[in-house]
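Chain by chain, the residues run as shown.
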Amino acid sequence: MTDTLLIKNGFIVTLGENNRVLKNHSILCEDGKIKKIAPTKEFTEQYGTVINASGKVVMPGFINAHMHFYSTFVRGMGKAKPSANFREILENLWWRLDKRLTLEDCYWSALIPLIDAVKHGTTTIIDHHASPFAARGSLNKIAEAVRKVGLRASLCYELSDRDGESIARDGIDENIDFIKRCNSEKDGDPNGPPQLKALFGLHASFTITDRTMEKAAKAGHELETGFHVHTAEAKSDQEYNEKNFGMRVVERLHKFGILGPRTIAAHCVHVNNREMDLLKETNTAVVHNPQSNMNNAVGIADIIKMSNKGILVGLGTDAMTVNMLEELRAAMWAQHLLHDDPCAGFMETLSTLVFNNAKIADRYWDTKLGSLEEGYAADIILMDYYPPTPFDESTFPGHLGFGLSQSFVDTTIAGGKVLMEKKKLKIDVDEREAARESMKLARALWERF
Ligand SMILES: [Zn+2]
């Protein structure tokens, strides 16, 4: 009885295949999962914890399908040279930064956005990590931070040939070791909720030689894992592939067997019809990151077209934020501009976050995520919200984009554990202490930069 958790009196938005808005209902959670959703009057027993969600909307925790924890230490750095294009942004900033990361940096730079994620109601994160001179052991360090905070994460190491052969070898080995660890643990900690999953990480087609790509593909296939790869993020990726490999980015990934239902192709800003068809045929998930794409001035992915072709398109933030509703709004405006149409793709865009990210997570986690249904993970958030206009299934999308997105997350629950309640963190981390430690490490890194 003590580990039961009852959430009562809120407006419940279930999301999932059959989205419903339930009033006068309660949710009972037990052993990290949702045990029962029913009219409140049916819950008459004593429960371990009772949360009163009056004045709140109760929803599944958000899922971020493309993230880079390690980018934390860039905040305010301003040391990189001005960059004229995407390639220069990588060379002047990101590839200089990741080379200087230590294992300790990996842990603390992950801990900070994980804490922020709890505050913004994001309970599952699919991360892509690079620290070429501290590659080995880096994913275990990040996993430690994930466990500490109590969220779910899929981790991978960003394999690339840009730092030479032995570092590429490290990248492959780091992926292999972490995938094996996650496979052997199945649902993560046998005593806790399933938290950690793994993918085989590849930076991008233009930084990986045929030889390395072949090795990565072989290792990934042997481990029966999917890949997580930046795909046609900038036009220069296509130009490089056409010039050096005689084919388009997606065609090259397909040639090596990288695509498939367990693979995430992040960005896909510059993919043509043929490439979209390949993504569809292979059932590869595409993850859209509009704020990052606009920030890097690389363009806007045509997610309406991809959705209409039947490609599963999810939403990530590429480390621009952990606030998924902020990213969702940017995605909406970007499609309007791209299509020169103020009504373009509202539902296609909304679906990336509220429906499709759950379908992507479902390809990795054994526990069902992203919907409030019996048997699903108790990954639940409460947001402050008194609906000022009618609130039901048909109006919910508008409330999410224009009301809830302007509100605050009050309570975050992951795997049945309350990680934040009434905006107070209840995790095993002192936020102020973590920021102090991060600042110390960031300062040292800036000096090495
Ligand atoms: Zn990225």
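Since this is a predicted model, take the numbers as computed values, not measurements.

A. View of the packing of helix 2 (residues 103-119) against helix 3 (residues 138-149). Where helix 2 meets helix 3, the axes come as close as 8 Å, and the angle between the chain directions of the two elements is 30°. With respect to helix 3, the element helix 2 is oriented roughly parallel. In this structure, helix 2 meets helix 3 at a crossing whose hand is right-handed. Contacts from Leu103, Cys106, Tyr107, Ala110, Leu111, Leu114, Ile115 and Val118 in helix 2 reach Ser138, Lys141, Ile142, Glu144, Ala145, Val146, Lys148 and Val149 in helix 3. Of the residues assigned to the contact of helix 2 with helix 3, the class counts are 12 nonpolar, 1 polar and 3 charged.

B. Main features of the sheet that holds strand 13 (residues 227-231). If you walk across this open sheet you meet the 5 strands as 12-13-14-15-16, and the pairing is parallel. The open sheet terminates on both sides in strands that have one partner only, identified here as strand 12 (200-204) and strand 16 (313-315). Pairwise comparison of adjacent strand axes, ignoring direction, gives a mean angle of 25° for this sheet. Bridge count between strand 15 (residues 285-288) and strand 16: 3 bridges; the pairing is parallel. Counterpart to Val286 in the pairing with strand 16 is Val313. Sitting on the sheet, helix 11 (residues 324-339) touches strand 15 and strand 16, and the angle it makes with strand 16 is about 130°.

C. Region of the structure containing the pairing of strand 12. Burial within strand 12 is extensive, with 5 of its 5 residues counted as buried. Running through helix 5 (residues 210-222), the crossover from strand 12 to the neighbouring parallel element strand 13 is right-handed.

D. Quick peek at the coordination of the zinc ion. For the zinc ion, the protein coordination sphere consists of His66 (NE2), His68 (NE2), His230 (NE2) and Asp318 (OD), at 2.1 to 2.2 Å. Counting residues between consecutive donors of the zinc ion along the chain gives the motif H-x1-H-x161-H-x87-D. In this pair, His230 sits in strand 13 while Asp318 sits in the loop between strand 16 and helix 11, placing the two residues 88 residues apart along the sequence. We classify His230 as buried; its relative accessible area is 5%.

E. Here's a closer look at helix 14 (residues 431-448). The end-to-end C-alpha distance of helix 14 is 26 Å, a good match for the 26 Å that 18 residues give at a rise of 1.5 Å each. Within helix 14, burial applies to Ala434, Glu437, Ser438, Leu441, Ala442 and Leu445. An end-on view of helix 14 places all buried positions within 135° of arc, on one side of the element. Facing away from the buried side of helix 14 by over 90 degrees, the exposed positions are Arg432, Met439, Lys440, Arg443 and Glu447. For helix 14, the secondary structure elements touched by its buried residues are helix 1 (86-99) and helix 2. Capping of helix 14 at its N-terminal end is provided by Asp430; its side-chain oxygen lies 3.0 Å from the backbone amide nitrogen of Arg432.

F. Seen up close, the packing of aromatic side chains. Counted under the stated rule, the structure contains 10 aromatic pairs. Residues Phe11 and Phe391 carry aromatic rings whose centres are separated by 5.4 Å and whose planes lie at 15° to one another, so their mutual orientation is stacked. Linking Phe11 in strand 2 (residues 11-13) with Phe391 in the loop between strand 17 (380-384) and helix 13 (396-402), this pair joins segments that are 380 residues apart in sequence. On the basis of relative accessibility, which here comes to 26%, the residue Phe11 falls in the partly exposed class. Here Phe200 and Phe227 contribute two aromatic rings whose centre-to-centre distance is 5.6 Å and whose plane-to-plane angle is 50°, an arrangement assigned as tilted.

How each quantity is defined
Residues numbered from 1 in each chain as written. Predicted model: local features only at pLDDT ≥ 70, side-chain atom pairs only at ≥ 80, totals over all residues. Heavy atoms only, no water. Axes fitted to C-alpha atoms, helices over the stretch in contact; angles between N-to-C directions. Helix = DSSP H or I, 4+ residues; strand = E, 2+ residues; numbered from the N terminus. Parallel < 35°, antiparallel > 145°, perpendicular 65-115°, else oblique. Left-handed = near helix turned anticlockwise from the far one by under 90°. Contact = heavy atoms within 4.5 Å. Nonpolar A, V, L, I, M, F, W, Y, C, P; charged D, E, K, R; others polar. Pairing = 2+ DSSP bridges. Buried < 20%, exposed > 50% of the residue type's maximum accessible area, 1.4 Å probe, protein only. Right-handed = clockwise from strand over helix to strand, strands pointing away. Donors = N, O, S within 2.8 Å, 3.2 Å for Na, K, Ca; no water. Expected span 1.5 Å × (residues − 1). Arc of directions from axis to C-beta. Polar contact = N/O pair within 3.5 Å; in protein donor to acceptor, adjacent residues only side chain to side chain. Phe/Tyr/Trp six-rings, centres within 6.5 Å; stacked < 30°, edge-to-face > 60°.

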